[in-house]
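Letter by letter, the chains look like this.
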Amino acid sequence: MPAVGQSASVGRLLLLGGGNMGGAMLRGWMAEGLDPATVTVVDPRPSETLAPAFAAGVRHEASIPAQPHDVVILAVKPQMMREAIGALTAAMAPDTLVISIAAGITVAFLEEHLGRRPVVRAMPNTPALIGRGITGAFGNALVGGVQRATTTALLKASGPVEWVHSEAEIDMVTAVSGSGPAYVFLMAEALAEAGVALGLEPALAMRLARHTMAGAGELMIRSDDEPAQLRRNVTSPKGTTEAALKVLSVDDGGLKELMRHAVDAARRRAGELARGEA
Ligand SMILES: NC(=O)C1=CN([C@@H]2O[C@H](COP(=O)(O)OP(=O)(O)OC[C@H]3O[C@@H](n4cnc5c(N)ncnc54)[C@H](O)[C@@H]3O)[C@@H](O)[C@H]2O)C=CC1
Ligand SMILES: O=C(O)[C@@H]1CCC=N1
C-alpha cells in the first residue's frame, strides 16, 4: 500500500471540519508527503494548529466551494453533520468518495443526504496526533478496490487500519478504540491521584503515572506476549501487585465488569447519535 503522498489515486481532497481529528489527519497526510495544494479545508473556525498547513499551501475556505473533489472527509461533530453537509454535493462528482469519521453517523444518513455513492465510515482516535492511532473502517457496496486502497492510504497515515465487515462493528470500534484513549488517560489520572493520596509529591506522581501508562502501552505493542501474560509477569506470588489486583478484581468482575459497562454505554450512545439525539 503506497503512502498517501505517493498515491496518485487520492486526487483532490476536501476536509470538512479542521478541528482536533481533522487537523490530526491533515498533519499525518502532510508528514507522508501529500501535496498541500491538493487539499482544501472547509471550516469557519479551524483549529489554530492548522496554521502551518495553510502556510504550506493547503487551501482554506469558510464555506463549501463549488468545485468537484475526488475524496471528501467529514470531520465535523455528529450534531453538526446535517447542517454542514447541506451544500456539499456542489463539491462532489457522482463517484466522489466520502469518508466520515463522525461517531454514530450512518451510511444510510450520508446516502440519503449526499446520494448513493462510495461511502466509508471510519473511526480513528486521538493518538493519530502523533501517528500512533488505530482506525476502524467500513465501506458501503460501492466501495471497490480502488476506493478501499485510497481510504487505506489516507487513514494509515495515523496508524493501522482495520476494515470491518458490518456497519454495526463501527459503533463497537468507536466504543473500544475511538473513545478508548480517554479511558487510558482517566487511568493515568487515577493512578497519579492515588500516588498523591499515599504521600507522593503531585508532579512526581504524575510523571510516574504517565511513564507507566506509556511504557506499559509500548511494551504491549512490541511484545509477542498477550496483555494477560504481561500482567502475570509483573505479579509476583504474594507480592505487591497481587495485593493491588485483588482490589481491582482482575479475574472476577471489578475493573473488567466496569469496563464492559463503560464500553457498552459508549456503543449505545453511538446509536443515540445515529437517531439524531442531541
Ligand atoms: N476527538 C476524538 O477523539 C474523535 C473524534 N471523532 C469524530 O471526529 C469528529 C470531529 O471531532 P473533533 O475533531 O474532536 O471535533 P472539533 O470540535 O475539534 O472539530 C470540529 C470542527 O468542525 C468545525 N465545524 C463546525 N461546523 C462546521 C461546518 N458547518 N462546516 C465546516 N466545519 C465546521 C468546527 O469549527 C471545528 O473546527 C466528530 O464527528 C467525532 O465524532 C472520531 C474519532 C475520535
Ligand atoms: O466522544 C466522542 O463522541 C468522539 C468519538 C470517539 C471519540 N470521541
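Further up the page is the structure itself.
Residues numbered from 1 in each chain as written. Chains lettered and ligands numbered in written order. Predicted model: local features only at pLDDT ≥ 70, side-chain atom pairs only at ≥ 80, totals over all residues.

Asker: Hey, could you go over the overall build of the chain for me, with residue numbers and the actual values?
Answerer: Assigned secondary structure in the chain consists of 11 helices and 8 strands. With 278 residues in all, the chain has 34% of them scored as buried. (Helix = DSSP H or I, 4+ residues; strand = E, 2+ residues; numbered from the N terminus. Buried ≥ 20, exposed ≤ 12 C-beta atoms within 10 Å, placed from the backbone.)

Asker: Describe the pairing of strand S6 (residues 119-123), listing the residues and the values that go with them.
Answerer: Taking burial as the measure, the 5 residues of S6 include 5 buried ones, the bulk of the element. Burial of S6 is two-sided: the residues Val119, Arg121 and Met123 facing one way and the residues Val120 and Ala122 facing the other way are all buried. Relative to S6, strand S5 (residues 92-100) runs parallel, the two being bridged by 3 bridges. Counted as the bridge partner of serine 100 is arginine 121 from S6. One crossover worth recording links S5 to the parallel S6 by way of helix H4 (residues 107-114), and it is right-handed. Relative to strand S7 (residues 135-139), S6 runs antiparallel, the two being bridged by 4 bridges. Note on S7: the bridge partner recorded for arginine 121 is phenylalanine 138. (Pairing = 2+ DSSP bridges. Right-handed = clockwise from strand over helix to strand, strands pointing away.)

Asker: Just give me the short version of the nonpolar core, but keep the residues and values in it.
Answerer: Counting residues in each nonpolar core, the largest one holds 59 residues, and the members touching the most others are Leu15, Leu16, Leu26, Val72, Ile73, Leu74 and Ala75. Per-element tally for this core: the top contributor is helix H1 (residues 20-31), with 6 residues. Setting aside residues up to four positions removed in sequence, isoleucine 73 forms contacts with Leu13, Leu15, Leu16, Met25 and Ile99. (Core = buried A, V, L, I, M, F, W, Y, C linked by C-beta atoms within 7 Å. Contact = placed C-beta atoms within 7 Å.)

Asker: Run through the site of ligand 1, naming residues and quoting values.
Answerer: Near ligand 1, the surroundings consist of 28 residues, among which Gly17, Gly19, Ala84, Ala102 and Ala103 are the closest. Mapped by element, the contributors of at least two residues to the shell around ligand 1 are H1 and helix H3 (81-84). The biggest single contributor to the shell around ligand 1 is H1, with 3 residues. Of the residues contributing to the shell around ligand 1, the split by class is 15 nonpolar, 9 polar and 4 charged. (Near = placed C-beta within 6 Å. Nonpolar A, V, L, I, M, F, W, Y, C, P; charged D, E, K, R; others polar.)

Asker: Report on the sheet that holds strand S2 (residues 39-42), specifying residues and quantitative values.
Answerer: With respect to topology, 8 strands assemble into an open sheet ordered S3-S2-S1-S4-S5-S6-S7-S8, the strand pairing being mixed. At either end of the open sheet lies a strand with only one pairing partner, and these are strand S3 (59-61) and strand S8 (161-163). This sheet shows a mean twist of 25° between the axes of neighbouring strands, independent of strand direction. Strand direction decides the pairing type here: S7 and S8, joined by 3 bridges, are parallel. Note on S8: the bridge partner recorded for alanine 137 is tryptophan 163. In this fold H4 packs onto S5 and S6, with an angle of close to 140° to the strand it touches most, S6. Across the sheet, helix H5 (residues 145-155) touches strand S4 (69-74), S5, S6, S7 and S8, and the angle it forms with S7 is around 160°. (Axes fitted to C-alpha atoms, helices over the stretch in contact; angles between N-to-C directions.)

Asker: Please provide a residue-by-residue account of the packing of helix H6 (residues 168-178) against helix H11 (residues 255-274), values included.
Answerer: Each pair of packed helices gets described by two things: the angle between the helix axes and the distance between those axes. Packing of H6 against H11 brings their axes to within 8 Å, and their N-to-C directions diverge by 135°. One element, H6, and the other, H11, form an angle in the oblique class. With respect to the hand of their crossing, H6 and H11 are arranged in right-handed fashion. Where H6 abuts H11, its residues Asp171, Met172, Thr174, Ala175 and Val176 lie against Val263, Ala266, Arg267, Ala270 and Gly271. Looking at the contact of H6 with H11 residue by residue, the classes come out as 6 nonpolar, 2 polar and 2 charged. (Parallel < 35°, antiparallel > 145°, perpendicular 65-115°, else oblique. Left-handed = near helix turned anticlockwise from the far one by under 90°.)

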